[in-house]
Amino acid sequence: MDKHEGRDAGTIRLDDPWYDALAVGWGEGQGEAAAPPHPAAGGRRAPGASDIYLEVQRSAAFQEVRSRYRRFVVPATAGFFLWYVAYVIAATAAPGVMARPVVGAVNVALLAGLGQFLSTFLLTWAYARHARLRRDRAALDLRWTVFEQERGQERSRSREAGR
């Protein structure tokens, strides 16, 4: 972490790609015009942050992370939605079944309703576990790649500006 001097004294800058900062260029330099992209050698525009993100988005590693995400989320969402709709339909279409007592004052509807809460917590746990075991490491590697590429661009821009 670096402390800033001058106008923003007291604020802390985190050079960590896991830090949830604003997107590149958003809210930075209040009132100042964004610097136009510097032309690269050969008269072409130098690659910007958007080019880095597009390159990462097209990469096989990013596609694998997205694929792993979808392979978990789509079936989990469909299953949970069907479970919820089944509960609502059973409560409306079969009130006699839902009112059937199980133990004392506890009936099928109450157990199914508590099952909704339990399944929500289980699904949340399963999602967090899946993310930790199958996506977080690859996503962190991608984030560090982007971070390093952006830092390389900043260094090259500062070198060009110093000339």
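Note that this is a predicted model, so its numbers are computed, not measured. (Residues numbered from 1 in each chain as written. Predicted model: local features only at pLDDT ≥ 70, side-chain atom pairs only at ≥ 80, totals over all residues. Heavy atoms only, no water.)

Here's the deal with the overall build of the chain
- A tally of helices and strands in the chain yields five helices and four strands.
- Traced from its N-terminal end to its C-terminal end, the chain shows the element sequence β-β-α-α-α-β-β-α-α.
- Each of the 163 residues in the chain was classed as buried or not, and the buried ones make up 14%.
- Considering only contacts in the chain between residues 6 or more positions apart, those separated by 24 or more positions represent 62%. (Helix = DSSP H or I, 4+ residues; strand = E, 2+ residues; numbered from the N terminus. Buried < 20%, exposed > 50% of the residue type's maximum accessible area, 1.4 Å probe, protein only. Contact = heavy atoms within 4.5 Å.)

Topic: helix 5 (residues 136-162)
- If you check helix 5, its first and last C-alpha atoms are 39 Å apart, about what 27 residues at 1.5 Å a residue would give, namely 39 Å.
- Within helix 5, burial applies to Leu140, Leu142, Val146, Phe147, Glu150 and Gln153.
- Contacts from the buried residues of helix 5 go to helix 1 (49-58) and helix 2 (60-93). (Expected span 1.5 Å × (residues − 1).)

Considerations on the packing of helix 2 against helix 5
- Axis separation between helix 2 and helix 5 bottoms out at 10 Å; the angle between their running directions is 145°. Along this stretch, helix 2 crosses helix 5, giving a crossing that reads as left-handed. Counted together, Ala61, Phe62 and Val65 of helix 2 and Ala138, Ala139 and Leu142 of helix 5 form the full contact between these two elements.
- Of the residues that constitute the contact of helix 2 with helix 5, the class distribution is six nonpolar, no polar and no charged. (Axes fitted to C-alpha atoms, helices over the stretch in contact; angles between N-to-C directions. Left-handed = near helix turned anticlockwise from the far one by under 90°. Nonpolar A, V, L, I, M, F, W, Y, C, P; charged D, E, K, R; others polar.)

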